[in-house]
Amino acid sequence: MRDSEGCGMNEQTRTQPVGRKSMIQANIRYFPGWLLPAEASAFLQTLREAVPWEVHRIRMFGRWVDSPRLSCWVGDPQAHYRYSGADFVPRPWPLPLLPLRERLQQACAAQFNSVLINRYRDGSDSMGWHSDDEPELGERPVIASLSLGATRRFLLRRRDDHALTTEFLLAHGDVLVMAGDTQRFYQHALPKTARPLGERINLTFRWVSGQWAGSHPVGR
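Residues numbered from 1 in each chain as written. Predicted model: local features only at pLDDT ≥ 70, side-chain atom pairs only at ≥ 80, totals over all residues. Heavy atoms only, no water.

Student: I'd like a description of the environment of Arg152, backed by residues and values.
Tutor: Structurally, Arg152 can be placed in strand S10 (residues 152-158). For Arg152, a relative accessible area of 3% gives the class buried. Along the backbone, Arg152 and Leu197 are 45 residues apart, and their C-alpha atoms lie at a distance of 8.7 Å. Side-chain polar atoms of Arg152 contact the backbone oxygen of Asp125, separated by 2.9 Å. (Helix = DSSP H or I, 4+ residues; strand = E, 2+ residues; numbered from the N terminus. Buried < 20%, exposed > 50% of the residue type's maximum accessible area, 1.4 Å probe, protein only. Polar contact = N/O pair within 3.5 Å; in protein donor to acceptor, adjacent residues only side chain to side chain.)

What follows is the structure, encoded as structure tokens:
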């Protein structure tokens, strides 16, 4: 069903270097400009209008809070899940996303039945440290992340040594693929920034197993 070793795309010569020491036991592939600027801009505008954006309520430190971003969970009917005490049923696939999913599946030699779409309105919207290591994603999940809009810092750190951190600057049309044991040994985050920034939409394609879907929390 899925190739847990990562993406079969031809890696471009502009690929950002990854520090060997900090990325031991990770499988990270970074493809700048995977979508050409005009195509990426067209997808950005389409998603702004086509996605039913909402603020997910999550439970943190014993209380309910609003997520610091807009989100939408999209997927096949079986790709539902419980997240921070709430049940989420996937929204149907917007038509423009179907050919994009097919292209990523072919490029990564993997299957994706769902995508988490996050909309970061400005630098104050963020994503905290976490690993996508829930049982329904499998032991070695392939997660393909497409960035649209403003360039943002994307950080990875070792779970057993937070001083070992690697940074990517994800720009308009870039794809970053996390595979293998990455989720087992690493956390990732999209930190806040005080710098004035435009909005960014990020799509993380993944496979949610029917064996576990709806039984355990997934994502952050």
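Okay, back to it.
Student: Lay out the sheet that holds strand S1 (residues 27-31) in plain terms, naming residues and giving numbers.
Tutor: Read from one edge of the open sheet, six strands run S1-S12-S9-S14-S7-S4, paired in antiparallel fashion. Two strands in the sheet have a free side with no partner beyond their single neighbour: S1 and strand S4 (70-75). Between one strand and the next, the sheet's axes are offset by a mean angle of 15°, whatever the strand orientation. Inspection of the sheet shows strand S7 (residues 114-120) paired to strand S14 (residues 200-206) by seven bridges, in the antiparallel sense. Bridged to Ser114 within S14 is Arg206. Across the sheet, helix H1 (residues 37-50) touches S7, strand S9 (143-149) and S14, and the angle it forms with S9 is around 90°. In the packing of helix H2 (residues 97-108) onto the sheet, the strands contacted are S7, S9, strand S12 (175-179) and S14, and the crossing angle to S14 comes to about 55°. (Pairing = 2+ DSSP bridges. Axes fitted to C-alpha atoms, helices over the stretch in contact; angles between N-to-C directions. Contact = heavy atoms within 4.5 Å.)

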